[in-house]
Amino acid sequence: MMADFLPKGQQLPIVATLADKQQESPGIYTLHLAMDTDSSFDFAFGQFNMLYLLGLGEVPISIMGWQQNLLLHTIRAVGRVTQPLVALNIGAQLGLRGPFGQGWPLHQLEGQDLVFITAGLGCAPVVAAINYAVNHRKKYGQIVILQGVKHHNDLLWQPQYECWRDLGNCQVLLAASEEKKRKYHWRLGMVTELLALARFDANHCAVLMCGPEIMMLAALKQLAKHQVSDKSVYLSLERNFQCGHGSCGHCQLGPYFVCKDGPVFHYPQIKSWFGLAGV
Amino acid sequence: MDKGFLPRQQFPELYQALTKAGYEVIGPTVKDGAIVFSPLAGFEQLPTGWKEQTSPGRYQLEQTAGQRCFYWNTGPQALKPWLFKPEQPLWQAEQTADGLCFRQTPEQVQPRAFIGLRGCDLAALKIHDQHFLKGVFTDPYYQAQRQQLFIIAVNCARSASTCFCVSTGDGPTATFGFDMLLDELEEGFLVASGSDQGELIMQQLPLANTKKKQISEAKQQLQSATQQQRVMPDEQQLLKLVDRLEHPQWQDVAERCLACGNCTLVCPTCFCSKQESHSDVKGQQADQVRLWDSCFSEQHSYIVGKVFRPEISQRYRQWLTHKLATWQQQFDRSGCVGCGRCISWCPVGIDLVEEAQALLKSEADDG
Ligand SMILES: Cc1cc2nc3c(=O)[nH]c(=O)nc-3n(C[C@H](O)[C@H](O)[C@H](O)COP(=O)(O)OP(=O)(O)OC[C@H]3O[C@@H](n4cnc5c(N)ncnc54)[C@H](O)[C@@H]3O)c2cc1C
Ligand code: SF4
Ligand code: SF4
Ligand code: SF4
Ligand code: FES
């Protein structure tokens, strides 16, 4: 007897071909992937795929976007799998499983002000949501983008931030924590300090966050000071992923499997678990 | 349930009936000083006369004068490695002239009859069914093995000192999930069926009518198996473990725990796994393999630049709070079926019941 087939694309990878590659900053590339599949690839921003390189293994990577029938993944080369991934030549093939997890509830948030808070070297799941909001500008109120980095040239997608700022009705605030001299358009300090300058309605907003947990914890404190209720906050978490779909047990946070119940969580859902050391 | 009586000297006829029906018979046998499940060439390989003495950190087989084959209670493992395998190839990737190809690793399955599973084993099987069959996706490898199982359960006639299935509600009686059920008496077996397939096998056995005395004897020994020393706090109590994440007891247990992960490997309900890519020398072909893993390993919580649970106290806390508390939110019941394996197979004798009680007793961390 032969076992049933693994669902293709979910448990058995499908083949994706590198159609284009763009360098975003040193060590960060956006891969444009053509998918070898007949079915359409439906996904929500904030969901992720498991990308596979022959003989090396899989890594979870957020879905950055969809452009001209190509799937976009922005990848930071940090190790065993991601380094060779970004070094692939056009035409090379890789494996892909997904999409997995819960994305940002962008439809549910229509009509509200959107506040995006990210820190670190860029946060693909949030950038995807920003792009969506900007492209559907009429559906949302104010759009505020807060991004913190150590040095201003760490900022990923710099041209894109300029572009968002130039839209006029989109407030972009940037902070560099380890810079000595202030640059034009930049503030010195932490991303959380930018909230004081942000223009949005605390009673009618949604906050979308992604970044190191310490940053998100600090931001939550600041948000509370600005009268933003927990109910308005969504955040994307990171854990070790092996299977991507709630089977391997690696990504647990209390009663949740981050891969399947997240990676985007409504903050009240995980509040009692979030930020505890060693959980 | 109608029971029949199978005299001990005719017990091998059950083996014959099973093999005739096409099953490979898997049962308990003595190997390296422990009871393990393996393919049986005949019932003479059953652990006749053996029982185990267990205590925290200790498991020892002991020969008795009797003829019973199921007088022991547990071994280090029962069903888990047969369905959720320690090493499971999932799929293969190959670089061919036509490009990259992916295919599922074929899985050979053959009808198997397991004899000697207990109430706690069946409770653990039900938990794994929920996880592997009713999760986001069905695991086809688990499912393939699961679908062809024929289960002959045995009611426990005694309890090991580490057993506490009475307090978790999972034993010592097997109440569901079997095709046949045995009560072992000195002179033979009370046999009942639990499914149509079980009924078919049962019809082939030279069964005698049961005697009143046999029924009451079976009842009595079951009753004696319910006398257990360990009592796991009830599920409502266990939920409170998550209010005690800062309890000093975690540090206390961390000083004893080696983080070896034995407890998770012998536990019939633990399901953690990791994946590895095993490639051939030329790098043209690779197998994606799933391997058992444990929340006691440091890598379990590793992401680039961070380990979420660097301390042993945090990893022990993950084990205990998951197994006993957060498991309840995930699967509507605790993940512990009271088999006591993690207690006897812990090299330093850490007793999870004692730890759970200690954590719940003190109100130090309340509020
Ligand atoms: C939901 C989610 C979305 C992500 N999105 C992106 C993205 O859009 N762009 C991006 O550049 N990175 C993203 N990451 C991080 C990315 O997964 C890691 O950078 C990558 O796994 C590192 O792999 P490596 O083999 O190069 O690193 P190494 O340090 O050599 O090895 C790390 C190994 O740990 C394992 N691992 C499992 N889960 C993780 C994890 N979460 N982080 C790190 N290692 C992990 C993998 O097997 C990996 O090979 C995301 C992570 C998660 C959980
Ligand atoms: S936690 Fe221990 S006693 Fe409970 S089921 Fe697992 S191994 Fe058995
Ligand atoms: S106790 Fe640990 S090893 Fe067992 S299922 Fe939970 S996280 Fe996995
Ligand atoms: S509790 Fe015992 S078996 Fe479990 S990891 Fe610690 S030392 Fe090993
Ligand atoms: S990644 Fe396997 S359970 Fe979440």
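Residues numbered from 1 in each chain as written. Chains lettered and ligands numbered in written order. Predicted model: local features only at pLDDT ≥ 70, side-chain atom pairs only at ≥ 80, totals over all residues. Heavy atoms only, no water.

## Concerning the site of ligand 2
All names here are of chain B. Convention followed: Proximity is defined per residue: if any heavy atom of the residue lies within 4 Å of a molecule or strand, that residue is considered near it. Helix numbers and strand numbers start at the N terminus; a helix is a DSSP run of H or I with at least 4 residues, a strand a run of E with at least 2. Here the term charged refers only to Asp, Glu, Lys and Arg, the term nonpolar to Ala, Val, Leu, Ile, Met, Phe, Trp, Tyr, Cys and Pro, and the term polar to all other amino acids, Gly among them.
Taken together, 13 residues surround ligand 2, and among them Cys267, Cys336, Cys339, Gly340 and Cys342 come closest. Elements supplying a minimum of two residues to the shell around ligand 2: α11 (312–331) and α12 (341–344). Looking at side-chain class alone, the shell around ligand 2 contains 9 nonpolar, 2 polar and 2 charged residues.

## Remarks on the site of ligand 3
The local shell around ligand 3 consists of A:Gln252, B:Thr264, B:Cys270, B:Phe271, B:Cys272, B:Cys295, B:Gln318, B:Trp319, B:His322 and B:Trp327. Ranked by the residues each element gives to the shell around ligand 3, the list is headed by α11(B), at 4 residues.

## Details of the side chain of B:His300
This is how it is decided: In what follows, residue pairs with any heavy atoms lying within 4.5 Å of each other are defined as contacts.
Position of B:His300 relative to the elements: it lies in the loop between β14 (285–292) and β15 (302–303). If we ignore the near neighbours within four places in the chain, the residues touching B:His300 are A:Asn240, A:Gly249, A:His250, B:Cys272, B:Asp293, B:Ser294, B:Cys295 and B:Arg309.

## Notes on the confidence of the model for chain B
Stated precisely, the cut-off is as follows: Confidence per residue, as judged by the predictor, is encoded in pLDDT with a range of 0 to 100.
Put simply, chain B has an average pLDDT of 96, and 98% of its residues get 70 or more. The ipTM assigned to the predicted complex is 0.95, against a pTM of 0.95.

## Points about unusual backbone geometry
Cis geometry is adopted by the peptide bond preceding A:Pro99, which originates at A:Gly98 and carries an omega value of -5°. With respect to the element layout, A:Pro99 can be found in strand β7 (residues 93–100). That bond from B:Gly171 to B:Pro172 is cis: its omega, 0°, falls within 30 degrees of zero. Inspection of the secondary structure puts B:Pro172 in the loop between α5 (165–168) and β10 (180–185). Backbone geometry at A:Asn69 places phi at a positive 65°, although glycine is not the residue there. Within the secondary structure, A:Asn69 is located in the loop between β5 (65–67) and β6 (70–76). With phi around 50°, B:Asp32 is a residue other than glycine that occupies positive phi space.

## Focus: the interface of chain B and chain A
Quick reminder of the rule: Between N or O atoms, a polar contact is any pair within 3.5 Å; within protein, one atom must be a potential hydrogen donor and the other a potential acceptor, and residues adjacent in sequence are included only when both atoms are from side chains.
Each partner contributes residues to the interface: chain B has 53 residues there, and chain A has 48 residues. At the surface where chain B touches chain A, the tally comes to 16 residue pairs in polar contact (both at pLDDT 80 or more). Ranked by residues supplied to the side of chain B that touches chain A, first place goes to α11(B) with 7 residues. Residue classes in the side of chain B that touches chain A are distributed as 22 nonpolar, 24 polar and 7 charged.

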